Amino acid sequence: MIKRLPDAEFELMKIIWRSEPRITTSKIIDSLGDASNWKPQTILTMLTRLIEKGFLTSERIGRQRNYTAIVNEAEYMSVETDGFMSRYRGNSLGSLVKAMYDGKDMTEEEINELRQWLKEKE
Amino acid sequence: MSQFFLSFLATSLFMTIIIAAVLIIRALLPNVFSPKIRYVVWIIILLGLIIPVRPFLGDGLVDFQLPFAVSTEGQTVPILSGTGSTGNSGITGSAAAGQNLPVQEPLVAAIPDGGIGMVSSLRALSVIEMLAIAWMVVALAVLAYHVWKHARFLGLVRRWGSPVDDKEALTILQGVLTEKGIAAKKIALKRCEFVSTSMIVGFFRPMILLPDNNFDADELEMIFHHELIHWRRGDLFVKLLSVIALSLNWFNPAVYIMNSVMQADCEASCDQLVIASVGNENKHFYAETIMEMIGYRSANVTALSTCFYGSRRGIKTRMEAIISTADNSKKVAIVTLATSLSTLVLVMGLVVFAGSVFIFSEQGQSDLERMTDVAAVDDGYDNDVYADVDDLNFDSPAFSFEQIEEDDKINVVFQLEDGTTARAFVNELGTISVLCDDGTISWATPRYPPGGTNISSEEAVEIAREDLIDRNVTAALGGLDYGWGEGIDISWEFEEVWVWVLLFYVQDESELRFRYLICTQTGDIIDYIQESPPFDIG
């Protein structure tokens, strides 16, 4: 069961997802750059928590600890957006957005059929 | 709140009729009205759904009288419930105590007796109130759900959306903004994996979201035109109104149907404006760009296939409208301008004024007028005289009352123990009726003899004074009232006699009171009682 991550942990995961596997602690801190003013200790605590939550594994290579994501970005996104992935087409009743197409999804076959029909109209 | 709820229901019902009429006309005459006109018609109706008040015109043609239909069970209460010595043990306990004169402290005494009627009418009222509360709770819940969903969506966008930093895309966006005359407007552009269509979101800090497709420059231009037209027209605010209308009218299926048709008309009118901006020669390309937005669904999902058929028909209708957009739209526009304007005026008239004719005979009538009518129906007389606080010696703790002026007439409003209110009226014969706010008669008591009086109140006072002088008592007149002598524990043959009830106080430490009952016809002293403290009545 994957749980929703708090913002800070999510930021860390984003860095890990978007880098090569086995990223070192110092690289993570570097990637965060000046954007965050977290202390290294805070970052280590968050990484430990992410391991506990089953998002990461870590192994010690020499003097460096390396982190690898177990849950990949797409997997996590589909959990976090759950129904939204299929629901958020702008057709959900009364949603406060204006979508360009607010109808339902279609199968590839149906879309091709529509394209064909549109071509004939030209 | 019940009153508001009932008038809201009436409005919702009436708007449903208008919605049905518009849907039928739209289906029968699909090409007569431009999408823009249809969209504006829907917006007017939307406002009509949200705002339940209408100007009040005349007396209305159809009288709904809704509140009374709901509470008929609690309607009648015997006239004159307050004067029997057996019937009013509540406050005028003095009768039982041998001071056989319950008479007219009467209004106080009468109220507990009217309790039967009052209780059932309160029960009837609470049914409406319960419904009103249920309606409100669900409406708030629906609204909260929409807000929560929107907040959640924005949260997802914040996390997962990545700002588009592609120079070309931003240049195109700026170009379209300039073309639309809103070059200075800051519009954020984000790419989101989890949306399948481009969209615009944000009421004050708008943001265009793009799905994770690789749109080329021409497609982006179409998209930006489309979304910025939505933004500039304020379609997001219209959608906010839709959400509010849907929340309030959660029980009304017509409003759900209307919402989806309205969104279709909104898109269709937006499409027309896009084509007007990008040129008629680009309409096919524009249609193809929209096709890019249709999300893919895996073929093995078979549920609700009719829905998909419906949506396919929807998109086909939209495409057909786009590619059949006429080049010579100006000529057509002049032809339809008069029709369109008159349609709008008609709909607006229907929504605003017909509503008042139909519904607001009940709404527009002041509470006072409405209740006067009820009082009249009940006792058969015009209740054009209103009770005055001074008439009503109310001192029961069950009531607080205030005297308010409405329509230049004095109107006494009682606050009952449970927080509901009641009003007192006096009809031309002097019968006082107390009505609960839902129109049920709580109790009524006659105040004046039906045949008038031979002896005036001054004469009655004079008769009593002479009698007091005979008894060597000096007392000041403390109260004067009419009363109806039925049931008084006195040894007369006849069942009822109208009396003046006079109360005199001795102004010394003895605090003696003298009560006279003087027949209004003959001037006879029907009864004389000397009372001494403590008095049972407050």
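Throughout this description, residue numbers start from 1 for each chain and increase along the sequence as written. Here chains are named by letter from A upward and ligands by number from 1 upward, in the order in which they appear as written. Reporting of local features is limited, given that this is a predicted model, to residues whose pLDDT is at least 70; pairs of side-chain atoms are given and counted only at 80 or more, and all residues count toward the totals for whole chains, interfaces and linings. Heavy atoms throughout the structure, all of them, feed into the side-chain values; hydrogens and water do not.

Student: How do you make sense of the overall build of chain B when you look at a structure like this?
Tutor: For chain B, the helix and strand inventory stands at 15 helices and 14 strands. Pairs at least 24 apart in sequence give 65% of the contacts found in chain B among residues at least 6 apart. In these tables, accessible area is a Shrake-Rupley quantity obtained with a 1.4 Å probe, and a residue counts as shielded only by the protein chains included in the view. Taken as a whole, chain B presents about 24900 Å² of accessible surface, with 59% of it coming from carbon and sulfur. Only runs of H or I of at least four residues qualify as helices and only runs of E of at least two qualify as strands under DSSP, and these elements are numbered from the N terminus. When checking whether two residues touch, look at their non-hydrogen atoms; a contact exists if any pair is within 4.5 Å.

Student: Looking at this model, I keep getting lost on the confidence of the model for chain B. Mind explaining?
Tutor: It should be kept in mind that the predicted coordinates are not to be read in detail where pLDDT is low. All names here are of chain B. Confidence of the prediction at every residue is given by pLDDT, a number between 0 and 100. Mean pLDDT over chain B works out to 71, with 59% of the residues at or above the 70 mark. Segment residues 301-310 is flagged for pLDDT under 50; beyond a separation of four residues in sequence, or across chains, it makes 6 contacts in the model. Below a pLDDT of 50 lies the segment residues 358-365, which in the model reaches 36 contacts outside its immediate sequence neighbourhood of four places, other chains included. Overall fold confidence (pTM) sits at 0.62, and the ipTM for the predicted complex is 0.77.

Student: How should the interface of chain B and chain A be read in this particular structure?
Tutor: It is common to give the size of an interface as the accessible area lost on bringing the parts into contact. Contacts between the two partners involve 61 residues from chain B and, on the opposite side, 44 residues from chain A. Salt bridge criterion: a side-chain nitrogen from Lys or Arg within 4 Å of a carboxyl oxygen from Asp or Glu. Scanning the region where chain B abuts chain A turns up 4 salt bridges. E267(B) serves as the salt-bridge partner of K98(A), at 3.7 Å between the closest nitrogen and oxygen. Of all the elements in the fold, those that place two or more residues in the side of chain B that touches chain A are α5 (115-160), β3 (199-201), α7 (217-233), α8 (235-248), α9 (253-278), α10 (283-292) and α11 (305-323) of chain B. All residues other than Ala, Val, Leu, Ile, Met, Phe, Trp, Tyr, Cys, Pro, Asp, Glu, Lys and Arg, Gly among them, are scored as polar; the first ten of these are nonpolar and the last four charged. Across the side of chain B that touches chain A, the residue classes tally to 31 nonpolar, 14 polar and 16 charged. Here, strands pair whenever DSSP counts at least two bridges between them. Across 3 bridges, strand β4 (residues 97-99) of chain A lies against β3(B) in antiparallel orientation. Directly across from A99(A), in β3(B), lies its bridge partner M199(B).

Student: Where do I start with the packing of aromatic side chains in this structure?
Tutor: Each aromatic ring pair is specified by the distance between its two centres and by the angle formed by the two planes. The criterion for an aromatic pair is that two Phe, Tyr or Trp rings (for Trp, the six-membered ring) have centres within 6.5 Å, with stacked assigned to planes under 30 degrees apart, edge-to-face to planes over 60 apart and tilted to the rest. A full pass over the atoms with the stated rule returns 17 aromatic pairs over all chains. Seen in terms of ring centroids, Y76(A) and W160(B) are 5.8 Å apart; in terms of plane orientation they differ by 40°. Their pairing is tilted. Taken as a pair, Y76(A) in helix α4 (residues 73-87) and W160(B) in helix α5 lie in two separate chains rather than in one. Per residue, the accessibility class of Y76(A) equals that of W160(B), and both read buried. Clustering of aromatic rings is evident, with ring pairs tying together F10(A), W17(A), F55(A), Y76(A) and W160(B). The ring of F10(A) has R159(B) lying over it, and the distance from NZ or CZ to the ring centre is 4.3 Å. The side chain of R471(B) reaches across the aromatic face of Y528(B), ending 3.5 Å from its centre. For every residue, the accessible area obtained with a 1.4 Å probe (protein chains only) is divided by the maximum for its type, and the residue is called buried under 20%, exposed over 50%, and partly exposed between those limits. In this analysis the charged atom, NZ for Lys or CZ for Arg, is taken to sit over a ring once it is within 6 Å of the ring centre and within 35 degrees of the ring normal.

Student: I would appreciate a short explanation of a nonpolar patch on the surface in the present structure.
Tutor: Together, I24(B), I25(B), L28(B), L29(B) and V32(B) make up a nonpolar patch on the protein surface, roughly 460 Å² of accessible area in all. Position of L28(B) relative to the elements: it lies in helix α1 (residues 2-28). The patch calculation keeps residues exceeding 30% relative accessible area without a salt bridge and links them within 9 Å when they carry like charges or within 5 Å when they are nonpolar (Val, Leu, Ile, Met, Phe, Trp, Tyr).

Student: Can you help me understand the side chain of T197(B) in this one?
Tutor: Relative to the elements of secondary structure, T197(B) occurs in the loop between β2 (188-191) and β3. Two N or O atoms form a polar contact when they lie within 3.5 Å of each other; inside protein one atom must be a possible hydrogen donor and the other a possible acceptor, and for residues adjacent in sequence the pair counts only when both atoms belong to side chains. In terms of polar contacts, T197(B) uses its side chain to reach the backbone amide nitrogen of M100(A), at 3.3 Å. Engagement of the side chain of T197(B) in a polar contact is seen with the backbone nitrogen of Y101(A), the distance being 3.1 Å.

Student: What's the story with the packing of α8(B) against α9(B) in this structure? I'm lost.
Tutor: Helix-helix packing is characterised by the crossing angle of the two axes and by the distance between the axes. All names here are of chain B. Note on geometry: axes are lines fitted to C-alpha atoms, helical ones only across the stretch in contact, with angles between N-to-C directions running from 0 to 180 degrees. In the contact formed by α8 and α9, the axes pass within 10 Å of each other and the chain directions differ by 170°. As judged from the angle between their axes, α8 and α9 are roughly antiparallel. Here D235, V238, K239, S242, A245 and L246 of α8 lie close against α9, whose contacting residues are V255, Y256, N259, M262, Q263 and C266. Class assignment of the residues belonging to the contact of α8 with α9 gives a composition of 7 nonpolar, 3 polar and 2 charged. Reported orientations rely on four angle classes, namely roughly parallel under 35 degrees, roughly antiparallel over 145, roughly perpendicular from 65 to 115, and oblique for the rest.

Student: Sorry if this is basic, but what is going on with the state of the cysteines here?
Tutor: A covalent bond between the sulfur atoms of two cysteines is what we call a disulfide. Residue and element names in this part refer to chain B. Any two cysteine sulfur atoms lying within 2.5 Å of each other are counted as a disulfide. Going through the model one piece at a time under the given rule, you end up with 0 disulfides over all chains. Here C266 stays unpaired: no disulfide links it, and the sulfur of C270, its closest cysteine neighbor, is 6.5 Å away. C266 gets classed as buried once you look at its relative accessible area, which sits at 0%.

Student: Help me understand the sheet that holds strand β3 (residues 64-69) of chain A in this model?
Tutor: In a beta sheet, neighbouring strands are held together by backbone hydrogen bonds and run either parallel or antiparallel to one another. Residues and elements named next belong to chain A. Strand order in the open sheet formed by 3 strands is β1-β3-β2, with antiparallel pairing between adjacent strands. Edge positions in the sheet fall to β1 (23-24) and β2 (56-61), since each of these pairs with one other strand and no more. Here β1 runs beside β3; their pairing, made up of 2 bridges, is antiparallel. Its bridge partner lying in β3, T24 is registered against N66. Across the sheet, helix α1 (residues 7-17) lies against β1, β2 and β3, angled at about 90° from β3, the strand it touches most.

Student: Please clarify how the pairing of β3(A) should be interpreted in this entry.
Tutor: Side-chain positions along a regular strand alternate between the two faces of the sheet. All names here are of chain A. Bridge analysis of β2 against β3 gives 6 bridges, and the strand direction is antiparallel. Residue pairing in the sheet places L56 in a bridge with A69 of β3. If you look at the hairpin formed by β2 and β3, you'll find 2 residues sitting between the two strands, and G62 has a positive phi there, around 65°.

Student: Explanation requested: the environment of Q64(A) in the structure shown.
Tutor: Residue and element names in this part refer to chain A. Locating Q64 in the fold gives a position in strand β3. For Q64, a relative accessible area of 34% gives the class partly exposed. The spacing of Q64 and T24 is 40 residues in sequence and 6.4 Å in space, taken between C-alpha atoms.

Student: I keep staring at the nonpolar core and nothing clicks. Help me out?
Tutor: Among soluble globular proteins, nonpolar side chains are generally buried collectively. Residues and elements named next belong to chain B. Working definition of a nonpolar core: buried Ala, Val, Leu, Ile, Met, Phe, Trp, Tyr and Cys residues. They are joined through side-chain atoms within 4.5 Å. Membership of the largest hydrophobic core comes to 45 residues, with the highest contact counts inside it found for I208 and F224. Sort the elements by how many residues they give to this core and α7 lands first, with 7 residues. Sequence-distant contacts of I208, that is, excluding residues within four places in its chain, are made with L173, I187, A188, L189, K190, M199, I200, F224, E227 and L228. Judged by nonpolar contacts, the second largest core, of 36 residues, contains F5, I43, I44 and C266.

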